Amino acid sequence: MNLVEPQQNGEATTADAHEKIDWLQNTTQQRTELTMTDVPINELLGVRRGNSNSSHAILLILALLVLPSAIALPNNPTSESKRVDEEEEEIGYIQTLLLNTPAVTTLNSTYQKIEVYESDHFGKVFLLDDCLQLTERDAPHYNEMLAHVPVMEYLASNAGIDEQLDILVVGGGDGYVVSELLKYPNVGSIDHVDLDGDVISVSKDHFPWAKSVWDNAKVNLVVGDGSQFVKEQVEKNKNYHVIIQDASDPFWIRYDGSVVILPSHVLYEEEHFQRMHRLLEAKNGVLMYQAETYNIPKQSEGDCQMEKADALCSEIDNPEITLNWMDWKKVSKTFHDLESTKYYHPRIHRSSFDLPLWVEKTVYNDAKEISDE
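Sequence order sets the numbering: in each chain, residues are counted from 1 along the sequence as written. Only residues with pLDDT of 70 or above have their local features reported here, since the model is predicted, and side-chain atom pairs are shown and tallied only from 80 upward, although totals for entire chains, interfaces and linings are computed over all residues. Each side-chain value is derived from all of the structure's non-hydrogen atoms; neither hydrogens nor water enter the calculation.

(A) Main features of the overall build of the protein. Helix and strand labels come from DSSP, where a helix needs a run of H or I of at least four residues and a strand needs a run of E of at least two; each type is numbered from the N terminus. On a plain count of helices and strands, the protein comes out with 13 helices and 12 strands. Note on exposure labels: buried denotes an accessible area under 20% of the residue type's maximum, exposed denotes more than 50%, and partly exposed covers the range between, all computed with a 1.4 Å probe on protein chains only. Within the span of the protein, comprising 373 residues, buried residues form 42% of the whole. Carbon and sulfur atoms form 48% of the exposed surface of the protein, whose accessible area is close to 21000 Å². Areas reported here follow the Shrake-Rupley algorithm with a probe of radius 1.4 Å; residue values treat only the protein chains shown as occluding.

Written out as structure tokens, the structure is:
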């Protein structure tokens, strides 16, 4: 099909125009997988020698052919790209991330396969057993909220207390949460427990925030079972102001429907949450843990059960009451005294407690009046 109508009675084109056509043919052949051996490119697109408008046609050809190939290549998906799929069969949803190969590093630890890849948009990507853990580009979205919300909650809800904070981080072997917590001058100590020392080593080698985070004198790194560590601290009558649990998934489901139980499953057992609650009681502390999404019915049901169980909640468990307690001037002042963040700020902190109406009704079983303030 002709994109440019040929003129039958036009003047001859210049040598420069012929050179442009030849250049375009060569460039197009190099940058795309299309072959045009049967039909010359100038005939395919209706450009004829003798066309007085051929110079305009050449520019049009250049725009039509070179631009699409520039968009698609050299970073278009190929058989050499690694595809990471996150599938939620319950709702029929799959998302895919394309990674550049080969991997930056691959390591099989005692517990899991650890990999780091590069990607064009998201920077370095961290995988455990082919499951996405974080990307450099959007790691602040998750980790800054996980770190700053509970600390700000504690500081603003206990404004009269002036003491160094003792914090426990369970999981989070990439080190991002710990690096954010160290931005607070009034954090006195951080016990950081992660099961897999190889996750920590790989993170130190490949992610800038983790290079020296465990060298800080405030950080006590424990490579071991987080559930067992919590149990031991209860037996020692240890108390924390804030506990943050950043655990990986407790299981994953194969395509045949079978369930693979992962080492982190112990961090989701009710007894473990009861023990964390005991570690927080004396300090009126705050628990922050990684949950799931309310957009997937079965996950939403599980989160609702955890929200309703008193044994699983720290003193601050009701979003509406929490906001009434909060001294937002204190939050704002503390925030402005921090080193810079990329995602977290006080307004997004406050809005993070706003849930869709149907979710609030589900969580609280229509038992409380939902305020519009």
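(B) Examining the packing of aromatic side chains more closely. Under the pairing criterion, centres of Phe, Tyr and Trp rings, with the six-membered ring standing for Trp, must be within 6.5 Å; the plane angle then separates stacked pairs below 30 degrees from edge-to-face pairs above 60, leaving the rest tilted. Taken as a whole and assessed by the stated rule, the structure comprises 5 aromatic pairs. With a centroid separation of 4.5 Å and an interplanar angle of 50 degrees, the aromatic rings of Y176 and W209 are classed as tilted. Pair noted here: Y176 is in helix 5 (residues 176-181) and W209 is in the loop between helix 6 (197-206) and strand 8 (219-223), with a separation of 33 residues, a long-range link. Take W209: its relative accessible area is 16%, and that puts it in the buried class. Centre to centre, the rings of F207 and W209 are 5.0 Å apart; their planes meet at 15 degrees, and the pair counts as stacked. By the ring-pair criterion, three or more aromatic residues cluster together here, those being F126, Y176, F207 and W209.

(C) Quick look at the sheet that holds strand 8. For two strands to be treated as a pair, DSSP must find at least two bridges joining them. If you walk across this open sheet you meet the 5 strands as 8-7-6-9-12, and the pairing is parallel. Edge positions in the sheet fall to strand 8 and strand 12 (286-289), since each has one partner strand and no second. Geometrically, the sheet is characterised by an average inter-axis angle of 15 degrees between neighbouring strands, direction not taken into account. Judged from the 4 bridges that link them, strand 9 (residues 242-246) and strand 12 form a sheet pairing that is parallel. Residue pairing in the sheet places Q245 in a bridge with Y289 of strand 12. Contacts: residue pairs with any heavy atoms within 4.5 Å of one another. Think of each axis as a best-fit line through the C-alpha atoms, taken over the contacting stretch in the case of a helix, with angles from 0 to 180 degrees between the N-to-C directions. The strands touched by helix 7 (residues 226-235) are strand 6 (165-171), strand 7 (187-194) and strand 8; relative to strand 6, the strand with the most contacts, the crossing angle is about 150 degrees.

(D) Fine view of the nonpolar core. The biggest cluster of nonpolar side chains holds 45 residues, and the ones touching the most others in it are F126, I167, L181 and I190. Of the residues forming this core, the biggest block, 10 residues, is contributed by helix 4 (residues 139-157). Here L181 is in contact with A147, V151, I167, V169, V187, I190 and I244, once residues within four sequence places are set aside. Side-chain atoms within 4.5 Å link the members of a nonpolar core, which is a set of buried Ala, Val, Leu, Ile, Met, Phe, Trp, Tyr and Cys residues.

(E) Region of interest: a nonpolar patch on the surface. Nonpolar side chains (Val, Leu, Ile, Met, Phe, Trp, Tyr) within 5 Å and like charges within 9 Å form the patches, drawn only from residues with over 30% relative accessible area and no salt bridge. Basic side-chain nitrogens of Lys or Arg form a salt bridge, by our definition, when they fall within 4 Å of a carboxyl oxygen of Asp or Glu. Taken together, the side chains of F251, I253, V259 and I261 define a hydrophobic patch exposed on the protein surface, amounting to about 380 Å² of accessible area. Listing elements by their share of the nonpolar patch, those giving two or more residues are strand 10 (251-253) and strand 11 (259-261). Structurally, V259 can be placed in strand 11.

(F) Inspection of the pairing of strand 2 (residues 93-108) at higher detail. Across 7 bridges, strand 1 (residues 82-88) lies against strand 2 in antiparallel orientation. Residue pairing in the sheet places R83 in a bridge with L98 of strand 2. In sequence, strand 1 turns back onto strand 2 through a hairpin of 4 residues, with G92 there showing a positive phi of about 70 degrees. Sheet analysis places strand 2 next to strand 3 (residues 113-119), joined by 5 bridges and oriented antiparallel. In the sheet register, N100 faces strand 3, and the bridge partner there is E118.

(G) Region of interest: the packing of helix 4 against helix 11 (residues 328-337). As a packed pair, helix 4 and helix 11 sit with axes 9 Å apart at the nearest point and diverge in direction by 125 degrees. The orientation of helix 4 relative to helix 11 falls into the category oblique. When the axes of helix 4 and helix 11 are compared, the crossing they make is right-handed. Across the interface between the two elements, M152, L155 and A156 from helix 4 touch K330, V331, T334 and F335 from helix 11. Polarity classes work like this: nonpolar for Ala, Val, Leu, Ile, Met, Phe, Trp, Tyr, Cys and Pro, charged for Asp, Glu, Lys and Arg, and polar for all others, with Gly in that last group. Among the residues making up the contact of helix 4 with helix 11, the classes are represented as 5 nonpolar, 1 polar and 1 charged. Throughout this description, any angle smaller than 35 degrees is read as roughly parallel, any larger than 145 degrees as roughly antiparallel, any in the 65 to 115 degree range as roughly perpendicular, and the remainder as oblique. Helix crossings are classified by the rotation of the near helix relative to the far one: an anticlockwise turn of less than a right angle makes the crossing left-handed, while a clockwise turn makes it right-handed.

(H) Structural context of the pairing of strand 6. Burial analysis of strand 6 places 6 of its 7 residues in the buried class, the great majority of the element. As defined by bridge partners, strand 6 adjoins strand 7 across 6 bridges and the pair is classed as parallel. Within strand 7, the position partnered with L168 by the bridge is D191. The path from the first strand over the helix to the second decides the hand: if it runs clockwise while the strands point away from the viewer, the crossover is right-handed. Handedness of the strand 6-helix 5-strand 7 crossover: right-handed. Note that strand 6 and strand 9 share 5 bridges and pair parallel. By the bridge assignment for strand 9, L168 is matched with I243.

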